[in-house]
Amino acid sequence: MINVAIVGMGAISPSHIKSYLQFSDRCRLQALCDITPEKAEKRADEFNLEVDIVNDYKKLLEREDIHLVSVCTPPYTHADISIDLLKAGKHVLVEKPMASSLKECDAMNQAARESGRQLSVVAQNRFKTEMMSLKHVLETKLMGPIVHTQVDSFWWRGYSYYDLWWRGTWEKEGGGCTLNHAVHHIDIFQWMNGMPAEITAVTANTTHDNAEIEDLSVAIGRYENGSLAQITSSVVHHGEEQQLIFQGKNARVSVPWKLKASKSKENGFPEEDEELTAKIKKEYEAQPVLSYEGHPGQIDDVLEAVENDSEVLVDGEEGRKTLELITAIYQSSTFKESVKLPLDNNSPFYTRENMLKNAPHFYEKKNVVQDFDENEITTGGNYQS
Ligand SMILES: NC(=O)c1ccc[n+]([C@@H]2O[C@H](COP(=O)([O-])OP(=O)(O)OC[C@H]3O[C@@H](n4cnc5c(N)ncnc54)[C@H](O)[C@@H]3O)[C@@H](O)[C@H]2O)c1
């Protein structure tokens, strides 16, 4: 039986609580922690949990009866809390974004390596039947080399969204929609297509003059072989139509699922390649429906890794790659230059201190609310075609 604690009892915490409860034959919720302990008490009541309530995660460090901890606090706290937990011998599942700088990611990965404990970064959108099926199709390489990828990480958040105390600031949120929303699709992009060699990006704040950070960014990734990717990160898109489209030389595939394969007529104009279409369709349709999707899917993966000392799907190295792309977007847009990957400790955005020194303030944070009464949130797109 794996004993679990959760640190941070805000909006995302119910997704973790519900997931652990779904696997009650394999794990048990042992403690809930929040700097405002009333929030933990409220969650315990809401889910009828018999758990210890603590107001400081450090009180969990010495407890031998806790094996795995979900870190659900604001981004600026992820690194310190995760590193202390790993050093204390706990396995850690940390919410996205992994951290607010590459230096922090490197320190977290080092702590995981040295402790031999699991470190997983939440990327629950990977755990969707449509995503896993698309990933399989891409691995067949039936589409031929991918020449263009389109990542539309479109979300919509109203003005008051950035009034929450930690949002809308470089210091506490760590960035804007590129870091905190598009992180989901940038993770899936690098998982499916690999890392580009270079990033060129522009960021803007079009609609939220109560926030320091961007609410829109457009980035172009260039691969060594000349292929391109365009990544749009936004919280100003009505309808939140999120998609990733992969254009291969022979066919295009995407999530939400759509397939088109063209071959050339004698005059160079397209006609459908029916044979290839049928082959790719067969591969896609043969993929299994996942038993658990979203947070339950990822928590199942983490529990399995703890049980069997196996690898998690989204470890700290994967989390770092995603943050590397995001950091390159910030670096490129700030200095108005193309940025070559990989990024190391020479990047002006490698440390949190330098990021805070260099990052543009589009506006200053105007309002501060401690909490919203309305606690219901949405966590990602509908990927069904
Ligand atoms: N995976 C997803 O789809 C998804 C969705 C929403 C939020 N998130 C992520 O989850 C994290 C939390 O976001 P949220 O929306 O739940 O925020 P929130 O503000 O609703 O909740 C954060 C909670 O953490 C507590 N807290 C802050 N510092 C703490 C500390 N040092 N120790 C203990 N508790 C502390 C706060 O009191 C608060 O209750 C963020 O990293 C966010 O990006 C992920």
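See the structure shown above.
These lines cover the structure that appears in this document, whether it is placed above or below.

Criteria and thresholds
Residues numbered from 1 in each chain as written. Predicted model: local features only at pLDDT ≥ 70, side-chain atom pairs only at ≥ 80, totals over all residues. Heavy atoms only, no water. Near = heavy atom within 4 Å. Polar contact = N/O pair within 3.5 Å; in protein donor to acceptor, adjacent residues only side chain to side chain. Areas by Shrake-Rupley, 256 points an atom, 1.4 Å probe, with all protein chains shown as cover. Nonpolar A, V, L, I, M, F, W, Y, C, P; charged D, E, K, R; others polar. Domains from an automatic or database assignment. Pairing = 2+ DSSP bridges. Helix = DSSP H or I, 4+ residues; strand = E, 2+ residues; numbered from the N terminus. Contact = heavy atoms within 4.5 Å. Axes fitted to C-alpha atoms, helices over the stretch in contact; angles between N-to-C directions.

### Let's talk about the site of the ligand
Then, in step 1: If you check the shell around the ligand, you find 28 residues, and the closest are Asp34, Lys39, Lys96, Gln124 and Trp166.
Then, in step 2: In the environment of the ligand, an oxygen atom lies 2.8 Å from a nitrogen or oxygen atom belonging to the side chain of Gln124.
Then, in step 3: Interatomic distance of 3.5 Å between a side-chain N/O atom of His184 and an oxygen atom of the ligand.
Then, in step 4: Considering the ligand on its own, with 850 Å² of exposed area, one finds that the protein chains cover 92% of that surface.
Then, in step 5: Across the shell around the ligand, the residue classes tally to 14 nonpolar, nine polar and five charged.
Then, in step 6: Each of domain 1 (2-125 + 293-314) and domain 2 (126-289 + 322-358) contributes no fewer than three residues to the shell around the ligand.

### Observations regarding the sheet that holds strand β12 (residues 251-255)
Then, in step 1: Read across the open sheet, the nine strands follow the order β14-β13-β12-β11-β7-β10-β9-β8-β15; overall the sheet is mixed. Each edge of the open sheet is held by one strand with a lone partner, namely β14 (270-272) and β15 (339-340).
Then, in step 2: Of the pairings in the sheet, the one linking strand β8 (residues 198-204) to β15 comprises two bridges and is antiparallel in character. Each bridged residue has a counterpart across the sheet, and for Glu198 the counterpart in β15 is Lys340.
Then, in step 3: Contacts between helix α8 (residues 183-193) and the sheet are confined to β7 (146-154), β10 (228-234) and β11 (243-248), with β7 contributing the most and set at about 165 degrees to the helix.
Then, in step 4: Along the sheet face, helix α9 (residues 274-285) touches β12, β13 (258-264) and β14 and points at about 155 degrees away from the line of β13.

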